[in-house]
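The lines below spell out each chain.
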Amino acid sequence: ARYASSVANSNPDTIFVDGRSFQRDDMTTVTPKIISRVGQNLHNQKHHPLCLIKERITDFFYGAYLNRRGNPLFSVYDNISPVVTMQQNFDSLTTPKDHISRQKGDNYYINRDYMLRAHTSAHEHELVKAGLDAFLVTGDVYRRDEIDASHYPVFHQLEAVRLYTPHELFDKCDDKNLRLFESSPGCRTVEKQGQHTLEAVKLVEYELKNTLVSCMKHLFREDLESRWIEAEFPFTHPSWELEIKFQGEWLEVLGSGIMSHQLLDSAGAGDKIGYAFGVGLERLAMILYDIPDIRLFWSEDERFLSQFKVQDPTKVKFKPFSKYPPLIQDLSFWCPDEYTSNDFYDLVRTVAGDLVEQVSLVDEFQHPKTERTSRCYRIVYRSMEKTLTKEEAGDMHISIGRTAQERLGLEMRM
Ligand code: FA5
Ligand code: MG
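Below: a short report on this structure. (Residues numbered from 1 in each chain as written. Chains lettered and ligands numbered in written order. Predicted model: local features only at pLDDT ≥ 70, side-chain atom pairs only at ≥ 80, totals over all residues. Heavy atoms only, no water.)

Let us now look at the environment of V137. Checked against the element boundaries, V137 lands in strand β6 (residues 134-142). Counting along the chain gives 84 residues from V137 to I53, while the straight-line C-alpha distance between them is 13 Å. Setting aside anything within four residues of it in sequence, one finds V137 in contact with Y77, I80, T120, H123, L127, Q157, L158 and E159. (Helix = DSSP H or I, 4+ residues; strand = E, 2+ residues; numbered from the N terminus. Contact = heavy atoms within 4.5 Å.)

Following this line, the structure appears as structure tokens:
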């Protein structure tokens, strides 16, 4: 096996993605950098902001929708491989062969047969075909796109599908003659697909919009400002996008609509009507936690990740940290009896202000004879505005030591 894999590795025509090997061809657009993102699954990393958002949306759906037996109605999938066929990503969703969304320039194709999914909608057909009526799919999605503060070639979506039988949809209606489908299918209009009755479409539209607005209020706040915009997708009609007011601007957070009857019919659910939506998790997390740049989600820096490792993450507001390098120095003292570390922390803040990022107690011991206590503090110097020079940090360090001797009676150990 080792021999085989080293041979394969040295073959430039073989691409490894998610534990499988593929032959490169004239459709290939994936790059090593992009492939390295596959399998990171930020949405499944405990305490990661994308995972927190996923969990809060899942909690909302678990809480709000129970089946007759009192179990959650929606089943949850967050571990489906992003490697899909073009059949899954496009054809299964009735996307026309010449649709712009298929362009080589916009997608990460592995080869003529496989690609990295461009949206979580790629799994709608297979899950409906498996017999599911209500499900959520969360995953990483890949698009060749510009790179700026709100665009990144890899981001995360949460997809939802909810199907209704006539009984479920018309449950609360008095009129027993309501139907999902026209007895003879008419033409598609602005309002609906040819097969559906207008009353069925209006009820599903109401359920969809009501569900999503309630979900957003659950995530954000009751007085959240939102609006619906007419949209266009090959796999839903009618379709809408939801925009949320964020820092005075309208920001699009999701696409949604009444699922294509052709799609449902070909997946074996031609007797049902349903809605689907796909929401961008980064957009929601940026709004919720004040995260200014989409690249931060990929940071492995504890100064980012640790901000979300708290008891109640709903209240987190991200505090920006410096991109300049740190300078680290230690200070050791013999300390008087009544002294506490907080005295030293206050003093550091007074002397050094924002140039100190962190102070931590790294060592503590008691002298066996004198019984005096020694403490060693590690100080991380870092500016938000510039790279600190060794001299600047050194001067600051000396000044902290001297002030600690004068004001706190600490005795510096050399
Ligand atoms: C779609 O991807 C559809 N599959 C959504 C859908 C699902 C429609 C089910 C109907 C039924 P769109 O390309 O607009 O649609 O992306 C959906 C959301 O993903 C956007 O509203 C946005 O929140 C997020 N998104 C899209 N592109 C990016 C990007 N480059 N970076 C970050 N988030 C993005
Ligand atoms: Mg859109």
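The magnesium ion (ligand 2) binds to the protein through E241 (OE) and E252 (OE); the donor distances cover 2.4 to 2.6 Å. Highlighted residues: E241 in strand β9 (residues 236-246) and E252 in strand β10 (residues 249-259), separated in sequence by 11 residues. The class for E241 is buried, based on a relative accessible area of 18%. (Donors = N, O, S within 2.8 Å, 3.2 Å for Na, K, Ca; no water. Buried < 20%, exposed > 50% of the residue type's maximum accessible area, 1.4 Å probe, protein only.)

Where burial is concerned, most of strand β14 (residues 373-381) is hidden: 7 out of the 9 residues are buried. Where strand β12 (residues 327-335) meets β14, 9 bridges bridge the pair, whose relative direction is antiparallel. Across the sheet, the residue bridging to D330 is R378, located in β14. One ladder, built from 9 bridges, connects strand β13 (residues 356-366) with β14; its direction is antiparallel. Considered in β14, the bridge of S360 is made with R378. Hairpin connection from β13 to β14: 6 residues lie between these consecutive antiparallel strands, with E371 at a positive phi of about 60°. (Pairing = 2+ DSSP bridges.)

Of all hydrophobic cores here, the largest spans 69 residues; its most connected members are F61, L116, M216 and F277. Take this core: its biggest share by element is 8 residues, from helix α7 (residues 198-219). If near-sequence neighbours (up to four positions away) are discounted, M216 is found in contact with R221, L224, L242, I244, L254 and L284. By size, the runner-up hydrophobic cluster in this structure holds 19 residues, among which are C335, Y339, L388 and M396. (Core = buried A, V, L, I, M, F, W, Y, C linked by side-chain atoms within 4.5 Å.)

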